[in-house]
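This is what each chain is made of:
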Amino acid sequence: DRVEAAYFYNDFNILGFKEDILFFPSSYQRSVQFDQTEQENIVQRTEVLNLLSKNEKPYLVLTYPEALIEKVISHSSLESNTLQVKTKDKISIEFINEFLYEYGFERVDFVYEPGQFSVRGSIVDIFSFSHEDPYRLDFFGDEIDSIRSFDIENQLSKERFTNITVIPNIQNNFIEGNRVSLVEFLQNHNFFFGNNLNQFFDRVSEIYRQTIIDRKEENIAEQIITGVELEKQFENPWL
């Protein structure tokens, strides 16, 4: 369950595996059936999907039924809704402004939460859903001169980057693309293990049933997966 997964995640951090382990939470404060999203969780989910999509190294991903029941955007859809930028790129501020507007970012004076951006002269601040801190892009004409993350409280720089990924809120329904389970999203050659998997799948099915009852939206069933479907995906030979 969620508590056990969180304890397991902390144990691995203490043991020094921080760079190799990812925690994949639910988008919601409690569960999809209650329809109360948690923005911090959405950012963390997006960051995990972004890292897994790059397929640069193996990870251990810790999750729980309330998180795994939610479908995610597919690899191809994530790529088509992503803006990759790097230093020395020739790209206009106007283009970035247009892209961010199109994907639901809000223009503000100073960013303080994911989904916002600001433009002040040659500086563009973007709070992507793929990183816990906002990015600051310094332009020299139409060329990106530098990219840094910064602290929203004191505006001080934290880390320099040569390239970043800007991703909108992929939980929003206006983001077009196929929705798949996390199991389908993952690349081939994975190992799955857990504590009492039969109980795990039963829990997913119970959340699914209760969500359909509690939330009457016509498309809610398309956003979640049953425990039976999930168990079949776990048993696919290509996994």
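Residues numbered from 1 in each chain as written. Predicted model: local features only at pLDDT ≥ 70, side-chain atom pairs only at ≥ 80, totals over all residues. Heavy atoms only, no water.

**With respect to helix H2 (residues 39–54)**
- If you check H2, its first and last C-alpha atoms are 23 Å apart, about what 16 residues at 1.5 Å a residue would give, namely 22 Å.
- Those residues of H2 that sit buried are Asn41, Ile42, Val43, Arg45, Thr46, Val48, Leu49, Asn50 and Leu52.
- The first or second residue beyond H2 is asparagine 55, which carries a positive phi of 55°. (Helix = DSSP H or I, 4+ residues; strand = E, 2+ residues; numbered from the N terminus. Expected span 1.5 Å × (residues − 1). Buried < 20%, exposed > 50% of the residue type's maximum accessible area, 1.4 Å probe, protein only.)

**Considering the pattern of salt bridges**
- Using the criterion set out here, one finds 13 salt bridges in the structure.
- When the shortest N-O distance is used, the salt bridge between lysine 57 and aspartate 20 registers 2.9 Å. Taken as a pair, lysine 57 in the loop between H2 and strand S2 (60–62) and aspartate 20 in the loop between helix H1 (2–14) and strand S1 (21–23) lie far apart in primary sequence, 37 residues in all.
- The shortest N-O distance in the salt bridge between aspartate 125 and arginine 136 comes to 2.7 Å. With aspartate 125 in strand S7 (residues 123–126) and arginine 136 in strand S8 (residues 135–140), the pair connects residues that are 11 residues apart, well separated along the chain.
- Judged by relative accessible area, arginine 136 falls into the buried class, the value being 10%. (Salt bridge = Lys/Arg side-chain N within 4 Å of Asp/Glu carboxyl O.)

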